[in-house]
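Reading the structure
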Amino acid sequence: DVMAGSPLWAVVSNFQINGHTFKKYCSPLLSVERLIVFHGCARSARDLRSCAPNATIYDMTPKKLSFGFKNDYGCHHSKAFLIGFDDSLRVAIHTANIISCDINNKTQGIWMQNFPIKKAGAPATSDFEEQLVKYFLSLQKHAARMPQSWMGLGAAFGGDEQL
């Protein structure tokens, strides 16, 4: 279960996120210290702010992105959860929009793994960490008000910074 445990912080990345569906299926994330949400469909996210008032929400719809050229078609569409715990980081990559019909009426897929806290003497970084950080840095180029550093995404990567 992606939501199992006692999360401290989370990053949610999705195309369509309905606030009431998010509240129903992702309720443990509503009480975390820091919740960051990226979405690509303003229509489906219109109630997200009222259902997750403590979240920092980034609208990644085409009209809000800055590519340096007119873009009416491309949008933020990746679907993932990064969930931080005292002893690990959970990464879940999935196919469902966070809307009722996707969750309840369609076949979906998920890859999920918990990464434990690095031990003293472990390598400073890994290829997986570097690729994940690179992805979030690419988002940073296209949205305003994004965190300036994604290094040290969480204790699982051994960094001092937390989201």
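Quick note: structure is the one above.
The notes below deal with the structure included here.

About the criteria used
- Residues numbered from 1 in each chain as written.
- Predicted model: local features only at pLDDT ≥ 70, side-chain atom pairs only at ≥ 80, totals over all residues.
- Heavy atoms only, no water.
- Helix = DSSP H or I, 4+ residues; strand = E, 2+ residues; numbered from the N terminus.
- 1 Å grid on protein atoms, 1.4 Å probe; cavity = no way out; pocket = protein on both sides within 12 Å on 5 of 7 lines; lining within 4 Å.
- Points joined across faces, edges and corners; volume = space filled by probe spheres on them.
- Nonpolar A, V, L, I, M, F, W, Y, C, P; charged D, E, K, R; others polar.
- Salt bridge = Lys/Arg side-chain N within 4 Å of Asp/Glu carboxyl O.
- Patch = residues over 30% accessible without salt bridge, like charges linked within 9 Å, V, L, I, M, F, W, Y side chains within 5 Å.
- Areas by Shrake-Rupley, 256 points an atom, 1.4 Å probe, with all protein chains shown as cover.
- Buried < 20%, exposed > 50% of the residue type's maximum accessible area, 1.4 Å probe, protein only.

Below, the discussion takes up the environment of Asp59. Considering the arrangement of structural elements, one finds Asp59 in strand 3 (residues 56–59). Residues Asp59 and Phe38 lie 21 residues apart in sequence; the distance between their C-alpha atoms is 6.3 Å.

The space that makes up the largest pocket amounts to roughly 310 Å³. For the largest pocket, the lining is made up of 14 residues, of which Val2, Phe81, His94, Ala96 and Ile103 are closest to its centre. Class assignment of the residues belonging to the lining of the largest pocket gives a composition of 9 nonpolar, 4 polar and 1 charged.

Under the criterion given, the structure shown has 1 salt bridge. Among the ionic pairs, Asp102 bridges to Lys106, the shortest N-O distance being 3.0 Å.

Right, let's get into a nonpolar patch on the surface. Together, Ile93, Trp111 and Phe128 make up a nonpolar patch on the protein surface, roughly 260 Å² of accessible area in all. Mapped onto the elements of the fold, Trp111 is located in strand 6 (residues 110–116). On the basis of relative accessibility, which here comes to 38%, the residue Trp111 falls in the partly exposed class.

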